[in-house]
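Residue-level structural notes
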Amino acid sequence: DPKIIQKPKYLVAVTGSEKILICEQYLGHNAMYWYRQSAKKPLEFMFSYSYQKLMDNQTASSRFQPQSSKKNHLDLQITALKPDDSATYFCASSHRDRGNSDYTFGSGTRLLVI
Amino acid sequence: GEQVEQLPSILRVQERSSASINCTYENSASNYFPWYKQEPGENPKLIIDIRSNMERKQIQGLIVLLDKKAKRFSLHITDTQPADSAMYFCAASAKGGRALIFGTGTTVSVSP
């Protein structure tokens, strides 16, 4: 059973549209993260949330907005999509009080913007 | 933001030889240094880690060395096998024990 669920697995979007990437974790973790992986920048850190509060934002563009409706959810809304946004987006989670040794990745959402 | 440098980007070795990957980090407060292996089409998976209170750690054929003074750590894969072919990422804990910051990755190719 996957402990971190990311939906959808594959996503094709039209330039200028808006999409939401879903992430749910069932590991009892209190911190969640988003990373982007492309050929240009492997595993680029985007956001971190802890107890549903934004802890760190390394994404320059406001087109990327994380949304946490529950403590085990961290979705990623992307607006005004561009072809350069094409990448695999990984969600991860950990328990902050355990020193990150249980840092776990979801299976990713592969986004293609045409 | 904080950066982790990783070299080489590509590493080709013969089966049963050793493979070494080196990383350097910026933040002297970093205290956790994991290594992840990523197969094509898969997510990154933790293979070994080391904390700042250690200098060396070994799990079977994987050895991690940490030099805090030089802010450098390395992964050594001994007795490589074709199954070790993958992308490898080093990482360091960001300040405040928050998100992991990853290196740029090393593609390891082990030929029979």
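Above: the structure in question.
Okay, so let's go over this structure. Every chain begins its residue count from 1, and numbering advances along the sequence as written. Note on labels: chains are lettered from A, ligands numbered from 1, in written order. This being a predicted model, a pLDDT of at least 70 is required before a residue's local features are given, and a value of 80 or more before pairs of side-chain atoms are given or counted; all residues contribute to the totals for chains, interfaces and linings. Note that water and hydrogens are dropped before the side-chain values are worked out from all heavy atoms of the structure.

Some remarks on the side chain of B:Lys37
Residues and elements named next belong to chain B. Basically, it comes down to this: Runs of H or I in DSSP of at least four residues are treated as helices and runs of E of at least two as strands, each being numbered from the N terminus. N or O atoms within 3.5 Å of each other form a polar contact, as long as, within protein, one can give a hydrogen and the other can take it, and as long as residues adjacent in sequence are counted only when both atoms are side-chain atoms. In this description, contact between two residues means that some pair of their heavy atoms is separated by no more than 4.5 Å.
With respect to the helices and strands, lysine 37 occurs in strand β4 (residues 32-38). Of note is the side chain of lysine 37, whose polar atom sits 3.0 Å from the backbone oxygen of alanine 83. Residues within four places of lysine 37 in sequence aside, it is in contact with Asn43, Pro44, Lys45, Ile47, Ala83, Asp84, Ala86, Met87 and Tyr88.

Digging into the packing of aromatic side chains
Residue and element names in this part refer to chain B. Applicable threshold: Only Phe, Tyr and Trp rings are paired, with Trp represented by its six-membered ring, and only when their centres lie within 6.5 Å; those with planes under 30 degrees apart are stacked, over 60 edge-to-face, the remainder tilted. A 1.4 Å probe rolled over the protein chains alone gives each residue an accessible area, and that area as a share of the maximum for its type sets the label: buried under 20%, exposed over 50%, partly exposed in between.
Inspection of every chain in the model, using the stated rule, returns 16 aromatic pairs over all chains. Both rings, one in phenylalanine 33 and one in phenylalanine 73, keep their centres 5.0 Å apart while their planes meet at 50 degrees; by these two values the pair is tilted. Of this pair, phenylalanine 33 sits in strand β4 while phenylalanine 73 sits in strand β8 (residues 72-77), and the two are 40 residues apart along the sequence. Note on phenylalanine 73: relative accessible area 1%, which makes it buried. Between tyrosine 36 and phenylalanine 102, the ring centres sit 5.5 Å apart and the planes meet at 65 degrees, which makes this aromatic pair edge-to-face.

Looking at the sheet that holds strand β1 (residues 4-7) of chain B
Residues and elements named next belong to chain B. In plain terms, the rule: What makes two strands pair is DSSP finding at least two bridges between them. Lines fitted to C-alpha atoms define the axes here, with helix axes fitted over just the stretch in contact, and angles between the N-to-C directions of these axes take values from 0 to 180 degrees.
Within the open sheet, the five strands sit side by side as β1-β3-β8-β7-β6. Their pairing is antiparallel. Looking along the sheet, the strands with just one partner apiece sit at the ends: β1 and β6 (56-59). Going from strand to strand, the sheet's axes swing by 15 degrees on average, the running direction of each strand aside.

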